[in-house]
Amino acid sequence: MNIRPMNVSDYDAVDCLMQKLHKVHVLGRPDLYVDMEHPYSKQEFEALVKDENVISILAEEEQNVLGICVVKMRERSMMVDMSTAYMDDLIVEDSCRRQGIAEELFCYAEKEAKEKGAKRLDLMVWSFNEDAIAFYKKMGMTPQRYIFEKKF
């Protein structure tokens, strides 16, 4: 398995995984997420992979994309001036799960973020996504805050 930066020609494979990730959110929170064919347009994806403040990586084997990770660097956190990394997306193909691919993507992204000066890695995970919560705890992450809601 190889982990490498994404490039523009990876759009179709990345889009396929992003559709699956988005579907998890649509199914988990249909009151908030709308079903859409392409979470990233080709233009948005091209801008993403060319942005030096974004760590966009994928895991592949024999030219098959197994998983992806997107982390955006932020210079301010609204409280203390601090360079942080925010993980927007992390997903591994269903048939490839539980093989350490997500761990390798996570660790690669974490290392890159540190090299870019990040002092912290943040992400948001929905409470319905218990597998993701367990994974992130396994990777050493701890809860930072709680966001509550009351539906009417």
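To be clear, the structure that these remarks concern was listed above.
The structure presented is a predicted model; accordingly, all values stated were derived computationally and were not measured.

Draft legend 1. Broad picture of the nonpolar core. Residues Cys69, Val71, Met87, Leu90, Leu105, Phe106 and Tyr136 are the most contacted members of the largest nonpolar core, which totals 26 residues. At the level of elements, strand E2 (54-61), strand E3 (64-76), strand E4 (81-92), helix H3 (101-115) and helix H4 (130-138) are the ones that each hand at least two residues to this core. Excluding its chain neighbours within four sequence positions, the residues that come into contact with methionine 87 are Cys69, Val70, Val71, Phe106, Ala109, Leu121, Asp122, Leu123 and Tyr136. The next biggest cluster of nonpolar side chains, apart from the first, holds 16 residues, and it includes Leu17, Val49, Val65 and Ile68.

Draft legend 2. Highlighting the packing of H3 against H4. Closest axis-to-axis distance for the H3/H4 pair is 11 Å, and the angle between their directions is 55 degrees. Taken together, the axes of H3 and H4 are oblique relative to one another. Judged by the sense of rotation from one axis to the other, the crossing of H3 with H4 is right-handed. Only Phe135, Tyr136 and Lys138 of H4 make contact with H3, whose side of the interface consists of Ala102, Glu103 and Phe106.

Draft legend 3. Spatial organisation of the pattern of salt bridges. Under the definition given, this model contains 13 salt bridges. Between arginine 4 and glutamate 60 there is a salt bridge whose closest N-O contact spans 2.9 Å. Of this pair, arginine 4 sits in strand E1 (residues 2-5) while glutamate 60 sits in strand E2, placing them 56 residues apart in sequence. Just as arginine 4 is buried, glutamate 60 falls in that class too. A salt bridge links aspartate 88 to lysine 72, with the nearest nitrogen and oxygen atoms 3.0 Å apart. Remark: lysine 72 occurs in strand E3 and aspartate 88 occurs in strand E4; sequence separation between them is 16 residues. Residues participating in the shared-partner salt-bridge network are Arg29, Asp31, Glu149 and Lys151.

So, how was this worked out
Residues numbered from 1 in each chain as written. Predicted model: local features only at pLDDT ≥ 70, side-chain atom pairs only at ≥ 80, totals over all residues. Heavy atoms only, no water. Core = buried A, V, L, I, M, F, W, Y, C linked by side-chain atoms within 4.5 Å. Buried < 20%, exposed > 50% of the residue type's maximum accessible area, 1.4 Å probe, protein only. Helix = DSSP H or I, 4+ residues; strand = E, 2+ residues; numbered from the N terminus. Contact = heavy atoms within 4.5 Å. Axes fitted to C-alpha atoms, helices over the stretch in contact; angles between N-to-C directions. Parallel < 35°, antiparallel > 145°, perpendicular 65-115°, else oblique. Left-handed = near helix turned anticlockwise from the far one by under 90°. Salt bridge = Lys/Arg side-chain N within 4 Å of Asp/Glu carboxyl O.

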